[in-house]
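Spelled out from the first residue to the last, the chains are:
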Amino acid sequence: VQLQASGGGLVQAGGSLRLSCAASGGTFSNYALGWFRQAPGKDREFVGAINRSGGSTYYAESVKGRFTISRDNAKNTVYLQMNSLKPEDTAVYYCAARNRDTWLVRSDSQAYNSWGQGTLVTVSS
């Protein structure tokens, strides 16, 4: 499956953004999905994950309560709603998909076998 992330931009601290990731070339509902991010000079880190049905989600502690991941299988799209943004949320955000154990949620990047190109989120203080 091919993934295309969009929705990044510049936002002030405390603001909100919604990222989208559109999938093509596969049966979207067969995939579990995740969002990761990479800040300048840092390693890529897990943000959130959702299983194939959307019934199970999991978040990094740093975003829990502020970010919400959801999916629309009819539109082949996964979303990341980001509220109460902080300057430390500044990063390139990547969506990823995997086609094993898809009823589960996974935070390890090695489990994902398809990646989007990334979209930049910049949060100003």
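For the structure, see preceding data.
Residues numbered from 1 in each chain as written. Predicted model: local features only at pLDDT ≥ 70, side-chain atom pairs only at ≥ 80, totals over all residues. Heavy atoms only, no water.

Engineer: What exactly am I supposed to notice about the state of the cysteines here?
Structural biologist: Two cysteines joined by a covalent bond between their sulfur atoms form a disulfide. Throughout the structure, instances matching the rule amount to 1 disulfide. Across the disulfide from C21 sits C95; the S-S distance is 2.0 Å. In this structure, the disulfide formed by C21 and C95 twists by about 60 degrees around the S-S bond and is classed as right-handed. Here C21, found in strand β3 (residues 17-24), pairs with C95, found in strand β9 (residues 91-98); they are 74 residues apart in sequence, far enough to count as distant. The two residues C21 and C95 agree in class, both being buried. (Disulfide = S-S within 2.5 Å. Helix = DSSP H or I, 4+ residues; strand = E, 2+ residues; numbered from the N terminus. Buried < 20%, exposed > 50% of the residue type's maximum accessible area, 1.4 Å probe, protein only.)

Engineer: Just to check I follow, could you spell out the packing of aromatic side chains for this structure?
Structural biologist: Both the distance between ring centres and the angle between the ring planes are used here to describe each pair of aromatic rings. Overall, the coordinates contain 5 aromatic pairs when judged by the stated rule. With 5.0 Å between their ring centres and 50 degrees between their planes, F36 and W115 make a pair best called tilted. Of this pair, F36 sits in strand β4 (residues 32-38) while W115 sits in strand β10 (residues 114-115), placing them 79 residues apart in sequence. A relative accessible area of 28% means that W115 is categorised as partly exposed. Between F46 and Y58 the ring centres are 5.6 Å apart and the planes differ by 25 degrees, which places this aromatic pair in the stacked class. With F46 in strand β5 (residues 45-50) and Y58 in strand β6 (residues 57-59), the pair connects residues that are 12 residues apart, well separated along the chain. (Phe/Tyr/Trp six-rings, centres within 6.5 Å; stacked < 30°, edge-to-face > 60°.)

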